[in-house]
Amino acid sequence: MTERPINQFNFSLENEEGELVVTGNISGESEVPSFDDLKFEAVIALLNSIDKKNFSEVEKKHLFEQYINEIEDTLTEIKIHDQFQGEIK
């Protein structure tokens, strides 16, 4: 039995002022160049951990809608282009 290596992908997001907003590390098995399958798995796992009610509880429902719109826009662009690196807003 051949073991596949555990791959790691580090990411970070900065705002327009260059300040760090979020950073993270994804690790797991990947079968696709640039670990794109692993990235999808991480996105799905993170999305499944979000509760809309948490935004309502702190009167930030507009943030939920903003994030949902950005995700939908990004998915639309990913589907259109064979190669896509989105613009960070």
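Preceding this paragraph is the structure being described.
This report concerns the structure included in the present document. Computed from a prediction, not measured in an experiment: that's the story for all the values here.

1. As for the pattern of salt bridges
Once the charged atoms of two side chains with opposite charge are near each other, the side chains can pair.
Inference 1: According to the stated counting rule, one finds two salt bridges in the structure shown.
Inference 2: Among the salt bridges present, the one from Lys39 reaches Asp36, with a minimum N-O distance of 3.1 Å. With Lys39 and Asp36 both in helix α1 (residues 36-47) and three residues apart, the pair spans about one turn of that helix.
Inference 3: By relative accessible area, Lys39 is classed as partly exposed at 26%.
Inference 4: Glu57 serves as the salt-bridge partner of Lys53, at 3.9 Å between the closest nitrogen and oxygen. One end of the pair, Lys53, and the other, Glu57, are both in helix α2 (residues 52-57), four residues apart, so they sit about a helical turn from each other.

What counts, and at which threshold
- Residues numbered from 1 in each chain as written.
- Predicted model: local features only at pLDDT ≥ 70, side-chain atom pairs only at ≥ 80, totals over all residues.
- Heavy atoms only, no water.
- Salt bridge = Lys/Arg side-chain N within 4 Å of Asp/Glu carboxyl O.
- Helix = DSSP H or I, 4+ residues; strand = E, 2+ residues; numbered from the N terminus.
- Buried < 20%, exposed > 50% of the residue type's maximum accessible area, 1.4 Å probe, protein only.

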